[in-house]
Amino acid sequence: MDSNTLWTIARGALNVVLVLLVAPLCQGILRKLTARIQSRQGPPVLQPYFDLLKLLGKEDIEAGEVPVVQRLVAFLSLASILTVGCLVPLGFASPLNAAGDVILLIYLLTLCSVCTLLAGLAAGSTYSLVGISREMMTMITLEPLLAAALIVGAVHANSLRLESVLAGSLYFGSGLPWSGIIMAVIILLAFQAFVQRIPFDISEAETELMEGPLMEYSGPKLALFKYTQMIKLIIYSAVFISLCVPWGGDAPYGLAFLMFWIKIFAVILLVTLVAATHARYRIDQAIRYFAAMLGTSFFALLLASYGH
Amino acid sequence: MSLMSKLKETAICLGAGRVTLPYPAETRPVPDQFRGRPIFDATRCIGCAGCANNCPAREILVFDVCQEVRILKYLGRRCTYCGRCADVCPEKAIKMSQEFENATPQIGDLHQGLELFMSTCQRCGRCFKGPSILEALKMKGYRFDDLENDRWIFRSNGYMKDPVADDIHIELD
Amino acid sequence: MLKNLCQKMFGRSLWVYHANSGGCNGCDIEVLNVLTPYYDVERFGIKLVGSPRHADVMLCQGPAMRSTAQALRRAYEAMPAPKLVFAIGSCACGGGIWFDSYPVIGPVEKVIPVNFYIPGCPPRPEAIIYGVAVALGLVDKKTAPVEFKQVELPIPQYHPSDLREGGKFVVYEKLEKV
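This one's a predicted model, so the numbers in the text were calculated from it and none came from an experiment. (Residues numbered from 1 in each chain as written. Chains lettered and ligands numbered in written order. Predicted model: local features only at pLDDT ≥ 70, side-chain atom pairs only at ≥ 80, totals over all residues.)

Before going further, it helps to examine the overall build of chain A. Scanning chain A from terminus to terminus reveals 11 helices and zero strands. Its helices and strands in sequence order give chain A the pattern α-α-α-α-α-α-α-α-α-α-α, from N to C terminus. A compact globule built from 308 residues would reach a C-alpha radius of gyration of about 19 Å, and chain A, at 19 Å, matches this within 12%. With respect to the three principal axes, the spread of C-alpha positions in chain A is 55 × 50 × 40 Å. A buried classification covers 48% of the 308 residues belonging to chain A. Residue pairs at least 24 apart in sequence account for 78% of intrachain contacts in chain A once pairs closer than 6 positions are excluded. (Helix = DSSP H or I, 4+ residues; strand = E, 2+ residues; numbered from the N terminus. Rg over C-alpha atoms; globule rule 2.2 N^0.38 Å. Buried ≥ 20, exposed ≤ 12 C-beta atoms within 10 Å, placed from the backbone. Contact = placed C-beta atoms within 7 Å.)

This is the structure:
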C-alpha cells in the first residue's frame, strides 16, 4: 500500500475517533441545557459517557424473533453512521472525498434509518412493530427532503462530487438563488426530525412508555444504538452546516476548524431550544407538515433546474 | 404555536433560575405535626394493647408469655404512619416522631419490641379482673398473636384453650 | 479493565423502570414528583425508561396482587443483570393495610427479591431520594431494630401446694421456671 492510502486510512481513523469522542459530549450539553431551561439542575455534562459505559457492562438478554439479525443490525447502524462520518467534512476536508458522491451519502444516511426499521422488525413484539410502522411513515416523507436539498446543491454546482456539493453549493448561481434559500429554510424546519428530537421523535418515544423499536434490546446492543443516535446529531449538523451555512470555511486552517465547531454548537443550541419548548406531534400532523414541505421542495427543484 | 409564546416561556423558566433543592446535602425542614415513624417509650407503656387493637394495618402484635409478662412487637413493615396508636395510648407512650428517612436494605430494621412486666393485683394476684370469678378462672383478656408468622390472631372469645398447668382444669362453655 | 470501569459506572447512571402492581397510585405520584424540578433526581443520572429491558432498577409500588403477580415476575425477569429492586411505600414493603384482603398475595417480596425498602404512606419525595442515596452509598441508613426487656425470661413459677412453713417465712420447696 502506498503512502497515499496509508495517509487516507489514518485520516479516516482520526475522523472516526473525533466523532466517537465528541458525540456524547454534545448529547450531554443538550441534556444539561434542557434541564436549565426547565429550571432544574440537570445531569452532569459527562453523563452520556457514564450511560454508555454502564450499558456496555450489562448482561445481554437475547429476546426477540430473530437474534442473529438483531446482532447484525446493532453493528450495522453504528458502522454506517461512522462511514458517513468519514465522508462529511468536519472542519477539515473529509478523507474519503474521492470515494463517492452525493448518491452514496444519501444511500448511507437512508441505510442508517433502515437499520432502525430492521431493529424493530427483528424484535417482533407488538410495540416494536407499531413503532416501526410510524418510523416508516416518517421516513417516506423525510428522506426525500434531504435528497432534494443535496440534489439542488448538485444542480447548482453542476457535479455530484461531494467536495463541490458540500461547500455551500445551495447558493451558487447568478442572481438571488431562490431555490437555495427555499431549501435552506425547509431543511431548517425539518431538522428536528432528522435528529429524532421533539417535536418529531415519533417512532421511538411515541409509545413513550414502551420505547418503540428499541424495546427489546438490552446492554451492549442498546449502547450501540444509543451511540448511533448521538452521532446522528453531529453528522446531520455537519451536513446542514456545510450545505447551508458555509461562510467562514475558507479561513486559514485552524480558524476554519474553530468556526465549524462553533457553528455546530450553535445548531445544537437551536435544537435544544426547540426540543425543550415544544410538544410532540401526532403522526398525522407530522406527515401533513412534511408533505407540505415535500411539495415545496419539488417546486424548488424545478426552479433550480431552470437556473434560479 | 407562535414563536413569541415559546420565547416568552423560555424567558420565564430561565428567569426562575435553578429551583432544585440540594436535598441529601442539606436537610429539609418538615412541617409541624408531620407524622413520621412512631417511637415506643417502654418506660411509660402499661401494656394495655390499646395501640394493637386500634392499628388499621394490624402492625402491633401482643403475646402473653404468662400472666405477668407481655411482649409487644411493632413491625415497621406495614405501618402507614396514621398515628391512631399515639392517639389512643392512655399514657402517651407513643410519639409520632418526625423522622421520614427510613429507607433500609433489611426490613427488620424498623422493628421495635417491648417485653413488659405487668403488675399484678395485691389481693388476687392477677393482672386482669374478670367480670365474675368464673370468668376470671377462664383467663379472659390474654392475647396470643402469632409471633413467628407475624400474624394477628383475632379471637372473639379471649379464652385460653391450651392447658395452662397440670392441676388446673378449666371447663369452657 | 473495561469491565471494572463499567461496574464503577453502574452507580452513576441508574435507569429506572416503574412498576405499579395494584397500588392506590399515591406512591406513583410521589415517585413522579421526584422527577420534577424541585426534587430533581436526574442530577444523579437517574432516568425514567419505558421498557424493563433498558432498566437497572425496578421501583415496585403496591402490594403483589393475584392478578398482577405473574406480570411483575415477568418484568423482573426481563431486566438484565445487574439489577436492583426498590419497594416503595408500605404496600410494597409489607402488604400495607390490605395485607389480608382477598386479591392481595402479600408484600412484593413474596414474588420478587427486594433489595431496598422505602416505607411510608406515601413516602415523601425526600424519603425516596434518601433511599436512593442509601442505595448508592452516599449516606448511611438511620434505622436499627429496638428491643426493650423489662424482665428476663424465664421467670420462676410458684404453686401453692409447694409452700411449707419455715419459721417466720413461707418457703417454696420446688422451684419451676416457666
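What follows continues from the structure just given.
A tally of regular secondary structure across chain B gives four helices and five strands. The linear arrangement of helices and strands in chain B, starting from the amino end, is α-β-α-β-β-α-β-β-α. Contacts spanning at least 24 positions in sequence make up 66% of the contacts within chain B whose residues lie at least 6 apart.

The next point concerns the interface of chain A and chain C. Counting from both sides, the interface comprises 27 residues of chain A and, opposite them, 20 residues of chain C. A per-element tally of the side of chain A that touches chain C places helix H2 (residues 47–56) of chain A first, with six residues. Residues belonging to the side of chain A that touches chain C are distributed by class as follows: 11 nonpolar, eight polar and eight charged. (Nonpolar A, V, L, I, M, F, W, Y, C, P; charged D, E, K, R; others polar.)

What follows covers the nonpolar core. Residues and elements named next belong to chain A. Grouped together as the largest cluster of nonpolar side chains are 84 residues, with contacts concentrated most on Met183, Ile187 and Ala190. Counting residues per element, this core draws most heavily on helix H9 (residues 220–244), at 17 residues. Those residues in contact with methionine 183 that sit more than four places away from it in its chain are Ala148, Ala149, Val152, Leu170, Ser297 and Ala300. (Core = buried A, V, L, I, M, F, W, Y, C linked by C-beta atoms within 7 Å.)

Summarising the sheet, strand S3 (residues 69–74) of chain B and strand S5 (residues 112–117) of chain B pair through six bridges and their orientation is antiparallel. The residue of S5 of chain B that forms the bridge with isoleucine 71 of chain B is glutamate 115 of chain B. (Pairing = 2+ DSSP bridges.)

What follows covers the confidence of the model for chain B. All names here are of chain B. Per-residue confidence for chain B gives a mean pLDDT of 76, with 76% of residues at or over 70. Ranking the helices and strands of chain B by mean pLDDT puts helix H3 (residues 84–88) first, with 90, and helix H4 (residues 133–137) last, with 62. In the model output, the complex is listed with pTM 0.81 alongside ipTM 0.78. (pLDDT = per-residue confidence, 0-100.)

Bringing unusual backbone geometry into the picture now. Cis geometry marks the peptide bond from alanine 81 of chain C to proline 82 of chain C; its omega dihedral reads -10°. The residue after cysteine 121 of chain C, namely proline 122 of chain C, is reached through a cis peptide bond having omega -15°. Here proline 122 of chain C shows up in the loop between strand S7 (116–118) and helix H5 (125–136). For alanine 49 of chain B, which is not a glycine, the phi torsion comes out positive at approximately 65°. With respect to the helices and strands, alanine 49 of chain B occurs in the loop between strand S1 (38–40) and helix H2 (50–54). A positive phi angle, close to 75°, is found at asparagine 25 of chain C, a residue other than glycine.

With that out of the way, let us pick up H9 of chain A. Taking 1.5 Å of rise per residue, the 25 residues of H9 of chain A would be expected to cover 36 Å, and the 36 Å separating its terminal C-alpha atoms lies within 8% of that figure. In terms of burial, H9 of chain A is largely enclosed, as 23 of its 25 residues are buried. (Expected span 1.5 Å × (residues − 1).)

Time to look at the sheet that holds strand S5 (residues 84–88) of chain C. Residues and elements named next belong to chain C. Strands sit in the order S2-S1-S3-S5-S7 across an open sheet of five strands; the sheet is parallel. A single partner strand is all that each edge strand has here, and the edge strands are strand S2 (47–48) and S7. Looking at chain direction, strand S1 (residues 15–20) and S2 are connected through two bridges and run parallel. Within S2, the residue paired with valine 16 across the bridge is leucine 48. Of the strands in this sheet, S5 and S7 touch H5, which is tilted by about 160° from S7. (Axes fitted to C-alpha atoms, helices over the stretch in contact; angles between N-to-C directions.)

With that out of the way, let us pick up the environment of lysine 73 of chain B. Residue and element names in this part refer to chain B. With respect to the helices and strands, lysine 73 occurs in strand S3. When the C-alpha atoms of lysine 73 and histidine 111 are compared, they prove to be 7.3 Å apart, with 38 residues separating the residues in sequence. Apart from the residues lying within four places of it in its own chain, the contact partners of lysine 73 are Leu61, His111, Gly113 and Leu147.

On to the interface of chain B and chain C, then. Buried accessible area, meaning the area lost when the parts come together, often serves as the stated size of an interface. Across the boundary between the two partners, chain B contributes 37 residues, which contact 44 residues of chain C. The dominant element in the side of chain B that touches chain C, judged by the number of residues it contributes, is S5 of chain B, at six residues. When the residues that make up the side of chain B that touches chain C are grouped by side-chain class, the tally is 20 nonpolar, nine polar and eight charged. Summarising the sheet, S5 of chain B and strand S8 (residues 146–149) of chain C pair through four bridges and their orientation is parallel. Counterpart to glutamate 115 of chain B in the pairing with S8 of chain C is lysine 149 of chain C.

Our next topic: the packing of helix H3 (residues 67–87) of chain A against helix H4 (residues 102–123) of chain A. Packed helix pairs are specified by the crossing angle of their axes together with the interaxial distance, meaning the distance between the axes. Residue and element names in this part refer to chain A. Interhelical geometry of H3 versus H4 gives an angle of 165° and a closest axis separation of 9 Å. If you check the angle between H3 and H4, you find them roughly antiparallel. As for how H3 packs across H4, the hand of that crossing is left-handed. For the pair H3 and H4, contact is made by Val69, Gln70, Val73, Leu76, Ser77, Ser80, Ile81, Thr83, Val84 and Leu87 and by Leu105, Leu108, Leu109, Leu111, Cys112, Cys115, Leu118, Ala119, Ala122 and Ala123, respectively. A class-by-class count of the residues in the contact of H3 with H4 yields 16 nonpolar, four polar and no charged. (Parallel < 35°, antiparallel > 145°, perpendicular 65-115°, else oblique. Left-handed = near helix turned anticlockwise from the far one by under 90°.)

Residues and elements named next belong to chain B. Over its 13 residues, helix H1 (residues 3–15) extends 18 Å from the first C-alpha to the last, a length consistent with the 18 Å expected when each residue adds 1.5 Å. Sparse coverage of H1 is indicated by the burial of zero of its 13 residues. Two residues or fewer after H1 comes glycine 17, characterised by a positive phi angle close to 75°.

Here we take up the sheet that holds S5 of chain B. Pairing is mixed across the open sheet formed by four strands, whose spatial order is S2(B)-S3(B)-S5(B)-S8(C). Two strands lie at the open edges of the sheet, namely strand S2 (60–64) of chain B together with S8 of chain C, each paired on one side alone. The average undirected angle you get between the axes of adjacent strands in this sheet is 10°. In the sheet, S2 of chain B pairs with S3 of chain B via five bridges, with the strands oriented antiparallel. Looking at S3 of chain B, one finds that phenylalanine 63 of chain B is bridged to isoleucine 71 of chain B.

All names here are of chain A. Two elements in contact, helix H1 (residues 3–37) and helix H10 (residues 253–277), have axes whose closest approach is 9 Å; the angle formed by their N-to-C orientations is 45°. By the angle class used here, H1 and H10 are oblique. Here H1 and H10 pass one another in a crossing that is right-handed. In this structure, H1 contributes Cys26, Ile29, Leu30, Leu33, Thr34 and Ile37 to the contact, and H10 contributes Ile268, Val271, Thr272, Ala275 and Ala276. Classifying every residue of the contact of H1 with H10 by side-chain character gives nine nonpolar, two polar and no charged.

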